[in-house]
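Below are the chains, spelled out letter by letter.
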Amino acid sequence: MKKQKLLRRVVFFIMAALATMLLAGCENYIVLNPKGPVAETQYRLIIISIILCLVVVIPVLAMLVYVVWRYRDKPGNKAPYTPEWVDSKTLEIVWWGIPIVIIAILGFFTVRDTFALAKPQDPETKPLTIQVTSLDWKWLFQYPEQGIATVNYIEIPTGVPVQFVVTSDAPMNSFWIPQLGGQTYTMPGMAMGLSLKANEPGEYFGSGANFTGEGFAHMQFKVVAKSQAEFDKWVQSVKQTAPALTKDGYKELAKPGISDKQFYSSFPPELFKEIVDKNGGQYYKQHEHHMKMNQNTNHGDMNHDANQHMEHGANQHEMSGMKADK
Amino acid sequence: MLENIKNFASQFFVTGDPLIYGADVSIVLTTLAIVFVLTYFKKWGWLWREWLTTVDHKKIGIMYIIASLLMLFRGGVDALLMRIQLAFPNMPFLHSEHYNEIFTTHGTIMILFMAMPFMFGLFNIVVPLQIGARDVAYPFLNAVSFWLFFLGAMLFNISFVIGGSADAGWLSYPPLSENQFSPGPGQNFYIWGIQISGIGSLATGINFIVTILKMRAPGMKLMDMPLFTWSVMASCIMIIFAFPVLTVTLALLFIDRFAGAHFFTIDGGGNPMMYINLIWIWGHPEVYIVVLPAFGIFSEIVSTFSRKPIFGYTSMVFAMMIISVLGYFTWVHHFFTMGAGANVNAFFAVTTMAIAIPTGVKVFNWLFTMFRGRIRMEQPMLWTIAFIPCFLIGGATGVMLAVAPADYQYHNSYFLIAHFHQVLIGGVVFAYVAGLIYWWPKMFGFKLNDRLGKWAFWFWNIGFYVCFMPQYALGFMGMTRRLYTYGNWDLGWAPLNLLSTIGAFLMGIGFIFQAWQIIYSIKHGERDVTGDPWDGRTLEWSIPSPAPHYNFAVIPHAAGKDVWWRMKEEMKQGKAKQEKPKLEPIHMPKNSGIPFVMAVFWFIAGFGFTFAPTDITFGETKLTFVWISMAVIGLLGVGLCMLARSFQYDTDYYIPVDEVKRTEASLGRVV
Ligand code: HEM
């Protein structure tokens, strides 16, 4: 049985290697290391679902090992053999019952949090709005209240809800900052909301998660959370030192290609609305009437003039799990 | 002139990549070798009579399986190329465009041109034998299905050297897959390759439903059918509802690309979200289409190798039927993040989780089939036992993904990649391999070598976990799918990617062992002289191996479950009636070349349509006219083939009793 020993050793070695690699650098598991309320809710759900799954998986695996070992076909195996035993009402009820109960519990938490995350995060505080546009292959961020814009770089104040309004001027992408919360699609012609908040200062990794072609692998960006005072200082310095983003400048930026971080001290005020409209946003206005049906939240804070239109867009998607548009 | 030809060739062929030139050379050499061998051994006639024109379900099944193994090889090589690139993200091995083409073709080939035909191959070989029939309900249509699949797959595959491959992902979401972002023929190859083979799949779905409903041996009630046959039924029901959706969706996409319509571009008033919904209304049922037969295969194997009937038969059937219905109500879980809203997401989250219930029940029933049985660790059973933990974990991560708000964190990440490979490899591939080994003796009359098979088994299994477990971790590290590099942003992803690549290569070695196992066994495999090498339970084991082309000399009377097992019991107790069955002439369908010719015409039409929307020029002239004529000729040919078939009256014949007697005697059976 030398072969078996060797095999066991190989398996052991592989397991050990796996374990060290998986455990090395826990802080790398950014999804499991949330820094904002949305990501925390999602993290809790992840943990609940892992536990509930393990409750089923571990006993079943144990049973499998036991059954296969006990009933293997070996001369002299004394375990019972009942070739005619094919049915048992009681057992069947038990194992229809177990998954039903587990799924019911998990379903309860899922539905509860799906609705909870569709509500405003922090309705009392006025959020900071950032308009996000995914381009081929870079991210444009506009701060309508501050009047500045950036590429592949976001700075936000800690503890303040941030209302991202996302669209795309390129194929559909997905806007994702794992430590602050899950992603949402950016779609041409539509403006959708995603409300996130950073609990503590820090640098967070963000990226485009939905494939958009050649330069897609270069669509990561950095999110820096700072105190409100530092954030204001940063806004001032961008205003004073950076160039302005012009319409032509935007056209240049929107051309396929990858880009480094950029900063702009101003941008054409209607730019975001124009991006949405030019990609078909106007067709959504006609749906306004229909969309009002979904109104279960109010849109107060999103009403700044640059996105009169965008409101419909966000409005029609408001039920989406993640983004509370307000 | 020469200049024009050169210019045309540079637009028509894929150029500039040494890997592609290598492939060109090997394709040409292989083709030459095949032509040479066929000519040298004077096998052209044999090829035409025995294979290209056959309507025998067993031969069609074998051709399906050969094709799918070739596709598994191609898809596997693609996978290894990607894994090499990801292990060394800074190495300029695959540049972005090439990587994108490869994951698109890998995904499409693995699902549509590997899993589907492998599955159809097993349907073809097993179902008629299991229900005691002499062929499928529509043998001619069956051949049509196969050739449509095959030429569709070829059309998709040649994009690799001609015109360039699709590179917008295996489901080709617009607007990325629209002309604006993906000009050129690649995307059209994708559309037409899938369209042509999709018609074949739909026909197969209809064919097998009718076969199962109408052609069972006398006495076999629906609730007596072997579970594999039941799973085929469930799968085919899903096919006939799902595939038309795919056909329509891709047709609309093609109209967008060809005629500049705006079904799926929002700037013309269309809607890409519509495409995403439609494609998943096909796409989600599709994964159940391939996994239900896998459940069927495991049910047969567990029962045979535990020497016990399947536990809870009724509940197994019920579970499969629930899955086939529920499978239609989960598609939105592929895009929770599109923002359909809390009501919609909550609904689809719950339906998705609900599918875990019948699936879990099946696992318990398999366990209790083994419980108090006698488990023989033969190869098929090994794969089955490996499947259970693998699918259990894959299913559990599936439930995790179904938690809609949590999915906002898993979506499009390596967590998702790990999940679906775990269910597709651990569920589908393991099952089809197990099924292939199990039914191999029935197909070819000998068993596959055990020792090599076990090596393959261990390499696949260990390789699988080494490859995909780290990917769950990568998902938690925020690594998104479809990245050809992450060199400039490494967040500790590199070591795990390297490990994953090692695992992929272990599986590659497993595949080599399987190829070797087949070649070795052709020469040295243990002959199956009894026709019942595994001590089986269902009708296919009652006839000689390989099955004679009329399958059953006498159609058995098949009342009750596990018919063959009970016949054997009765024989042992000497209770079986010894009276000689009365032989009658056997009514069989005639071979026909029309299916093959028709599929070739489809190929021509597909090729024309593929290039019609492109700007390829010869000198100054655009070639649109040429491509359109090609498409028209192809479609006319298809029409003519149908016409020819409608006027063919001489489509069947009788095998005389004498010949049946002779055949049976040569197979060692007394009749
Ligand atoms: C044999 C081992 C396999 C390996 C090592 C492997 C590896 C991979 C890799 C590296 C990717 C690309 C990930 C990315 O960059 O996003 C991928 C994608 C994919 N694979 Fe596999 N794969 C294997 C088998 C299979 C099988 C058997 C199937 C299906 C039956 C399958 C279906 C897919 C699909 C559908 C995709 C997604 C393609 C897309 O993103 O458009 N794979 N696989």
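Conventions and cut-offs
Residues numbered from 1 in each chain as written. Chains lettered and ligands numbered in written order. Predicted model: local features only at pLDDT ≥ 70, side-chain atom pairs only at ≥ 80, totals over all residues. Heavy atoms only, no water. Helix = DSSP H or I, 4+ residues; strand = E, 2+ residues; numbered from the N terminus. Buried < 20%, exposed > 50% of the residue type's maximum accessible area, 1.4 Å probe, protein only. Contact = heavy atoms within 4.5 Å. Areas by Shrake-Rupley, 256 points an atom, 1.4 Å probe, with all protein chains shown as cover. Donors = N, O, S within 2.8 Å, 3.2 Å for Na, K, Ca; no water. Tetrahedral: all angles 85-135°; square planar, octahedral: opposite > 155°, others 65-115°. Near = heavy atom within 4 Å. Polar contact = N/O pair within 3.5 Å; in protein donor to acceptor, adjacent residues only side chain to side chain. Nonpolar A, V, L, I, M, F, W, Y, C, P; charged D, E, K, R; others polar. Domains from an automatic or database assignment. Buried area = accessible area lost by both parts, 1.4 Å probe. Salt bridge = Lys/Arg side-chain N within 4 Å of Asp/Glu carboxyl O. Patch = residues over 30% accessible without salt bridge, like charges linked within 9 Å, V, L, I, M, F, W, Y side chains within 5 Å. Phe/Tyr/Trp six-rings, centres within 6.5 Å; stacked < 30°, edge-to-face > 60°. UniProt positions renumbered as here; feature names shortened; annotations may be inferred. Pairing = 2+ DSSP bridges. Axes fitted to C-alpha atoms, helices over the stretch in contact; angles between N-to-C directions. pLDDT = per-residue confidence, 0-100. Parallel < 35°, antiparallel > 145°, perpendicular 65-115°, else oblique. Left-handed = near helix turned anticlockwise from the far one by under 90°.

S.K.: If you had to explain the overall build of chain B to someone new, which residues and values would you point to?
M.R.: Across its full length, chain B carries 20 helices and four strands. C-alpha atoms of chain B, sized along the principal axes, occupy 80 × 55 × 45 Å. Residue burial in chain B is summarised as follows: out of 671 residues, 65% are buried. Sequence-distant contacts in chain B: of pairs separated by 6 or more residues, those separated by 24 or more amount to 83%. Summed over all atoms, the accessible surface of chain B reaches about 23900 Å², with 71% contributed by carbon and sulfur.

S.K.: I'd like a description of the coordination of the iron atom of the ligand, backed by residues and values.
M.R.: Residue and element names in this part refer to chain B. Taken together, His106 (NE2) and His421 (NE2) make up the full set of protein donors to the iron atom of the ligand, lying 2.0 Å away. Coordination at the iron atom of the ligand comes from six donor atoms whose angles at the metal span 89 to 179°, giving a geometry best classed as octahedral. Remark: His421 occurs in helix α14 (residues 414–444) and His106 occurs in helix α5 (residues 96–130); sequence separation between them is 315 residues. In this pair, the class of His106 matches that of His421, namely buried.

S.K.: Describe in detail the site of the ligand, supporting the description with residues and values.
M.R.: Residues and elements named next belong to chain B. Taken together, 22 residues form the shell around the ligand, and within it Tyr99, His106, Trp170, His421 and Arg482 come nearest. At 2.6 Å from an oxygen atom of the ligand is found a side-chain nitrogen or oxygen belonging to Tyr99. Contact distances for the ligand include 3.3 Å between an oxygen atom and a side-chain N or O atom of Tyr414. Mapped by element, the contributors of at least two residues to the shell around the ligand are α4 (57–87), α5, α14 and α16 (494–524). A total of seven residues in the shell around the ligand trace back to one element, the largest contributor, which is α14. When its residues are assigned to classes, the shell around the ligand shows 15 nonpolar, four polar and three charged.

S.K.: Before we move on, could you go through the domain arrangement of chain A and cite the residues and values that matter?
M.R.: Residue and element names in this part refer to chain A. If you check the domain split of chain A, you get domain 1 (12–72 + 90–117) and domain 2 (128–318). On the side of domain 2, 14 residues touch domain 1, which itself brings 11 residues to the contact. The junction of domain 1 with domain 2 conceals about 920 Å² of combined surface from both sides, 58% of it contributed by carbon and sulfur atoms. Summed over the shared surface of domain 1 and domain 2, the result is one salt bridge. The closest approach of N and O atoms between Glu200 and Lys35, which form a salt bridge, is 3.7 Å.

S.K.: An account of the pattern of salt bridges is needed here, citing residue identities and associated values.
M.R.: Evaluated as defined, the whole model comprises 22 salt bridges over all chains. Residue Glu155 of chain A pairs with Lys226 of chain A through a salt bridge whose shortest N-O separation is 2.7 Å. Residue Glu155 of chain A is found in strand β4 (residues 153–157), and its partner Lys226 of chain A is found in strand β10 (residues 220–226); the two are separated by 71 residues along the sequence. Asp562 of chain B is paired through a salt bridge with Arg537 of chain B; the nearest N and O atoms lie 3.1 Å apart. Of this pair, Asp562 of chain B sits in the loop between α16 and α17 (563–572) while Arg537 of chain B sits in the loop between α16 and α17, placing them 25 residues apart in sequence. Taken together, the shared-partner salt bridges connect Asp73 of chain A together with Arg307, Asp532, Asp535 and Lys568 of chain B into one network.

S.K.: Before we move on, can you summarise the side chain of Asn142 of chain B with the specific residues and values?
M.R.: For Asn142 of chain B, the location among the structural elements is in helix α6 (residues 139–158). Among residues more than four places away in sequence, those in contact with Asn142 of chain B are His57, Ile60, Asn124, Val136, Asn207 and Phe208 of chain B.

S.K.: Give a detailed account of the environment of Ile502 of chain B, specifying residues and quantitative values.
M.R.: Note on placement: Ile502 of chain B falls in helix α16. Counting along the chain gives 66 residues from Ile502 of chain B to Leu436 of chain B, while the straight-line C-alpha distance between them is 27 Å.

S.K.: Residues and numbers for the interface of chain A and chain B, please.
M.R.: Every contact between the two is made by 97 residues of chain A and, on the other side, 100 residues of chain B. Surface buried jointly by chain A and chain B totals about 8600 Å² across both partners, of which 74% is contributed by carbon and sulfur atoms. It is Trp95, Trp96 and Phe211 of chain A that lose the most area in chain A upon contact with chain B, and together they represent 9% of the buried surface on that side. Where chain A packs against chain B, one counts one salt bridge. Taking the shortest distance from any N to any O, the salt bridge between Arg307 of chain B and Asp73 of chain A comes out at 3.6 Å. Linking chain A with chain B are 25 residue pairs in polar contact (both at pLDDT 80 or more), by the criterion used here. Counting residues per element, the ones that place at least two in the side of chain A that touches chain B are α1 (2–23), α2 (37–70), α3 (89–118), β7 (181–186), β9 (202–208), β10 and α6 (271–285) of chain A. Residue contributions to the side of chain A that touches chain B peak at 17 residues, all from α3 of chain A. Of the residues in the side of chain A that touches chain B, the class split is 60 nonpolar, 26 polar and 11 charged.

S.K.: Requested: an account of the side chain of Asp113 of chain A, with residues and values cited.
M.R.: Along the polypeptide, Asp113 of chain A turns up in helix α3. According to the relative accessible area criterion, Asp113 of chain A is buried, its value standing at 7%. Only 3.1 Å separates the side chain of Asp113 of chain A from the side chain of Arg112 of chain A, close enough to count as a polar contact. Sequence-distant contacts of Asp113 of chain A, defined by excluding residues within four places in its chain, comprise Thr41 and Leu45 of chain A together with Pro405 of chain B.

S.K.: Tell me what's going on with a nonpolar patch on the surface, and back it up with residues and numbers.
M.R.: A grouping of Leu7, Val11 and Met15 of chain A together with Trp458 of chain B is seen on the molecular surface, where their side chains present a nonpolar patch of about 340 Å² in accessible area. Take Met15 of chain A: it is sitting in helix α1.

S.K.: Summarise the packing of aromatic side chains; cite the residues concerned and give the values.
M.R.: Describing an aromatic ring pair means giving the distance of the ring centres and the angle of the ring planes. Tallied over the full model, the rule gives 101 aromatic pairs over all chains. Ring geometry for Trp139 of chain A and Phe141 of chain A: centres 6.4 Å apart, planes at 10°, overall stacked. A residue is classified by how much of its surface remains accessible, and Trp139 of chain A, at 0% relative accessible area, is buried. Both rings, one in Phe36 of chain B and one in Tyr40 of chain B, keep their centres 5.5 Å apart while their planes meet at 25°; by these two values the pair is stacked. One end of the pair, Phe36 of chain B, and the other, Tyr40 of chain B, are both in helix α2 (residues 18–40), four residues apart, so they sit about a helical turn from each other.

S.K.: I'd love a proper account of the UniProt feature "domain: Cytochrome oxidase subunit I profile" (unreviewed entry) in chain B, names of residues and values included.
M.R.: With numbering aligned to this structure, UniProt lists the feature "domain: Cytochrome oxidase subunit I profile" (unreviewed entry) at residues 40–559 of chain B. Helix makes up 68% of residues 40–559 of chain B and strand 0%. Its end C-alpha atoms lie 51 Å apart.

S.K.: Tell me what's going on with the sheet that holds strand β5 (residues 162–168) of chain A, and back it up with residues and numbers.
M.R.: Residue and element names in this part refer to chain A. Here we have six strands laid out as an open sheet, ordered β8-β5-β1-β2-β3-β11, and mixed in their pairing. Across the chains shown, the open sheet's two edge strands, defined by having one partner strand only, are β8 (192–196) and β11 (262–264). The mean inter-strand angle of the sheet, taken between neighbouring strand axes irrespective of direction, is 20°. The sheet contact formed by β5 and β8 spans five bridges and is antiparallel. Bridged to Val162 within β8 is Leu196. Contacts from helix α4 (residues 228–241) reach β1 (128–135), β2 (138–143), β3 (148–151) and β11, with the element oriented near 90° to β3.

S.K.: Now, about the confidence of the model for chain A: what can you tell me, with residues and values included?
M.R.: Of all residues in chain A, 82% attain a pLDDT of 70 or more, and the chain-wide mean is 83. The low-confidence segment residues 286–326 of chain A (pLDDT under 50) makes 102 contacts with residues lying over four places distant or belonging to another chain.

S.K.: Tell me about the UniProt feature "domain: Cytochrome oxidase subunit II copper A binding" (unreviewed entry) in chain A, and please be specific about residues and values.
M.R.: Mapped onto this numbering, the UniProt entry gives "domain: Cytochrome oxidase subunit II copper A binding" (unreviewed entry) at residues 125–237 of chain A. Here residues 125–237 of chain A runs as 9% helix and 53% strand, with 25 Å between its end C-alpha atoms.

S.K.: Could you give an account of the confidence of the model for chain B, with specific residues and numbers?
M.R.: Low-confidence regions, as indicated by low pLDDT, have predicted coordinates that should not be scrutinised in detail. When pLDDT is averaged along chain B, the result is 92, and 99% of the positions lie at 70 or above. On the interface metric, ipTM, the complex scores 0.90, and its pTM is 0.91.

S.K.: Please provide a residue-by-residue account of the environment of Asp650 of chain B, values included.
M.R.: All names here are of chain B. Mapped onto the secondary structure, Asp650 falls in the loop between α19 (624–646) and β4 (652–655). On the basis of relative accessibility, which here comes to 52%, the residue Asp650 falls in the exposed class. Sequence separation between Asp650 and Met154 is 496 residues; the distance between their C-alpha atoms is 31 Å. A distance of 2.8 Å separates the side chain of Asp650 from the side chain of Lys590, its partner in a polar contact.

S.K.: Pulling in residues and values, what's your account of the sheet that holds β9 of chain A?
M.R.: All names here are of chain A. Strand order in the open sheet made by the five strands is β4-β10-β9-β6-β7, with mixed pairing throughout. The strands lining the two open edges of the sheet, one partner per strand, are β4 and β7. The mean inter-strand angle of the sheet, taken between neighbouring strand axes irrespective of direction, is 20°. Pairing geometry for β4 and β10, over five bridges, is parallel. Note that in β10 the partner of Pro157 across the bridge is Lys226. The sheet strands contacting α4 are β4 and β10, and the helix crosses β4 at an angle near 140°.

S.K.: Outline the packing of helix α15 (residues 450–476) of chain B against α16 of chain B, supporting the account with residue identities and numerical values.
M.R.: Residue and element names in this part refer to chain B. The geometry of α15 relative to α16 is characterised by a closest axis approach of 7 Å and an angle of 160° between their N-to-C directions. The orientation of α15 relative to α16 falls into the category roughly antiparallel. As for the relative orientation of α15 and α16, their crossing is left-handed in sense.

S.K.: Could you give an account of the pairing of β8 of chain A, naming the residues involved and the relevant values?
M.R.: Among the five residues of β8 of chain A, five are classified as buried, and the element is accordingly described as predominantly covered. Because side chains alternate across β8 of chain A, one face comprises the buried residues Met192, Leu194 and Leu196 of chain A, and the other comprises Gly193 and Ser195 of chain A, equally buried.

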